[in-house]
2 protein chains.
Amino acid sequence: MTDPNTRLDEMVGRLKDAGHRLTPQRMAVLSILAQSQEHPSAEQIYERVRIEFPMTSLATVYKTVGLLKEMGELLELGFSDDSNRYDGRLPSPHPHLVCVECRKIIDSGVYALDTWTDEVGLKTGYRILSHRLDFFGICPLCQQRASSPLLDKS
Amino acid sequence: MTDPNTRLDEMVGRLKDAGHRLTPQRMAVLSILAQSQEHPSAEQIYERVRIEFPMTSLATVYKTVGLLKEMGELLELGFSDDSNRYDGRLPSPHPHLVCVECRKIIDSGVYALDTWTDEVGLKTGYRILSHRLDFFGICPLCQQRASSPLLDKS
DNA sequence: GTATCTGCAAATGGTTTGCACGCTA
DNA sequence: TAGCGTGCAAACCATTTGCAGATAC
């Protein structure tokens, strides 16, 4: 499940099974998504795809990402003040941790919101379908930068 | 704390103390925010403000909302695929419950994420500043609509 | 009196879409 | 070879911004 190649094969299989075609552009996008731990944006996926396959447009990245999202093979983390970020490794909802300085996003290491989900459903009468939990903070590297002001942010 | 007039006075006082001017437009926006339980969008605030004070522009609503947000007097709930929603009654982060059908947003009725915040901070080394938790589901009214297909969504 | 606020209209920027061409299966 | 997928450029749309005139204090 954590091995990029296994995850890539899985995604490829699901696409094929659903009757979708496998173009080189799509393969390149899938491959990036299967490898990335760092929750890349569409733009970042685009840049990396172009390194190995320059014949790719940003629109195609968006279309592929949209397709995977619809199929439930990709978790989209939308931010109203920044571009969306994508998790292709673990597409079911789980808590994330966002650095407000450098916008690095990592998995939080805590899970299991199910108890709460049940409680909220019971209390409110809503049928709960999904959730989204983000923690915002300063990552260790940015904390270091803040205490050594001579270092550049770049 | 729950009384709209008390909350309005509180917001007005904070604005004055910070040296900001009290225009009729601002008062109208503050008043809507102090009353609203339903987490209105900027557009919705604008529409309601115009009822009692037609000399108001959407830009002014956005500017007022931005000012209050900066002062920590307003909680902004951003959604990448929809307009932002605002909570002026309880501006500190707390879990919300979003109906994916009608986009109604209510408070979840559960709180206390502090234990998790500490755990995540310890595990990752991030200095946690804030969090955001949303549950997505179908509200009771929309569930009813779904089971009685003859009723219109309007 | 003057710095702040307002309203208008134009700019912004990530994402989506329409369409003609190209390529997978 | 039949459509699905791609690339380009234009459209979208909530939000922001610049600026000239208005107004709270």
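Residues numbered from 1 in each chain as written. Chains lettered and ligands numbered in written order. Predicted model: local features only at pLDDT ≥ 70, side-chain atom pairs only at ≥ 80, totals over all residues. Heavy atoms only, no water.

Trainee: Before we go on, may I ask you to explain the protein's contact with DNA strand D in this structure?
Mentor: As a structural note, the neighbourhood of DNA strand D is formed by 19 residues, with A:R21, A:T23, A:M55, A:T60 and B:Y62 the closest of them. Within 4 Å of the protein, the atoms of DNA strand D are drawn from sugar and phosphate moieties in a proportion of 70%. At 3.0 Å from a phosphate oxygen of DNA strand D is found a main-chain nitrogen or oxygen belonging to B:L22. Backbone polar atom of B:N84 to a phosphate oxygen of DNA strand D: 2.7 Å apart, as the coordinates give it. For the surface near DNA strand D, the elements supplying multiple residues, two or more each, are α2 (24–35) and α4 (58–71) of chain A together with α4 (58–70) and β2 (82–87) of chain B. Class assignment for the residues of the surface near DNA strand D results in 6 nonpolar, 8 polar and 5 charged. (Near = heavy atom within 4 Å. Polar contact = N/O pair within 3.5 Å; in protein donor to acceptor, adjacent residues only side chain to side chain. Helix = DSSP H or I, 4+ residues; strand = E, 2+ residues; numbered from the N terminus. Nonpolar A, V, L, I, M, F, W, Y, C, P; charged D, E, K, R; others polar.)

Trainee: Just checking my understanding: could you explain the protein's contact with DNA strand C for this structure?
Mentor: Near DNA strand C there are 18 residues, and of these A:Y62, A:N84, B:T23, B:M55 and B:T60 occur at the shortest range. When the atoms of DNA strand C within 4 Å of the protein are sorted by group, sugar and phosphate make up 72%. Between a phosphate oxygen of DNA strand C and a main-chain N or O atom of A:N84, the distance comes to 2.7 Å. In this structure, a phosphate oxygen belonging to DNA strand C sits 2.8 Å away from a side-chain N or O atom of B:R26. At the level of elements, α4 and β2 (82–87) of chain A together with α2 (24–35) and α4 of chain B are the ones that each hand at least two residues to the surface near DNA strand C. Taken together, the residues of the surface near DNA strand C break down into 5 nonpolar, 8 polar and 5 charged.

Trainee: What's the story with the interface of chain A and chain B in this structure? I'm lost.
Mentor: The parts lose accessible area when they come together, and the size of an interface is often stated as this lost area. Every contact between the two is made by 39 residues of chain A and, on the other side, 39 residues of chain B. Sorting the residues of chain A by area buried against chain B places A:W116, A:Y126 and A:F135 first, and these three jointly supply 23% of that buried surface. Taken together, chain A and chain B are joined by 0 salt bridges. For the pair chain A and chain B, the interface holds 12 residue pairs in polar contact (both at pLDDT 80 or more). Within the residue set of the side of chain A that touches chain B, elements represented by two or more residues are β1 (75–79), β3 (96–99), α5 (114–124), β5 (127–138) and α6 (140–147) of chain A. Looking at the side of chain A that touches chain B, the element that brings in the most residues is β5(A), giving 12 residues. A breakdown of the residues in the side of chain A that touches chain B according to their chemical character gives 21 nonpolar, 12 polar and 6 charged. Alignment of β5(A) against strand β5 (residues 127–138) of chain B, held across 11 bridges, turns out to be antiparallel. Considered in β5(B), the bridge of A:H131 is made with B:F135. (Contact = heavy atoms within 4.5 Å. Buried area = accessible area lost by both parts, 1.4 Å probe. Salt bridge = Lys/Arg side-chain N within 4 Å of Asp/Glu carboxyl O. Pairing = 2+ DSSP bridges.)

Trainee: I tried to follow unusual backbone geometry on my own but got confused; where do I start?
Mentor: Leave glycine aside and you will find that most residues have negative phi; peptide bonds, for their part, are mostly trans. One non-glycine residue, A:H39, lies in positive phi territory at about 55°. Structurally, A:H39 can be placed in the loop between α2 and α3 (42–52). The exposure class of A:H39 is buried, given its relative accessible area of 2%. The phi torsion at B:R103 lies on the positive side, around 60°, for a residue other than glycine. Examined against the element boundaries, B:R103 turns out to sit in the loop between β3 (96–99) and β4 (105–107). (Buried < 20%, exposed > 50% of the residue type's maximum accessible area, 1.4 Å probe, protein only.)

Trainee: Looking at this structure, how should I read the nonpolar core?
Mentor: As a rule of thumb, soluble globular proteins bury nonpolar side chains together. A:F135 and B:F135 are the most contacted members of the largest nonpolar core, which totals 26 residues. Every element with two or more residues in this core is listed here: β3, α5 and β5 of chain A together with β3, α5 (114–124) and β5 of chain B. Aside from chain neighbours lying at most four places away, what touches B:F135 is A:L113, A:W116, A:T117, A:V120, A:I128, A:S130, A:H131, B:P95, B:H96, B:L97, B:V98 and B:S108. (Core = buried A, V, L, I, M, F, W, Y, C linked by side-chain atoms within 4.5 Å.)

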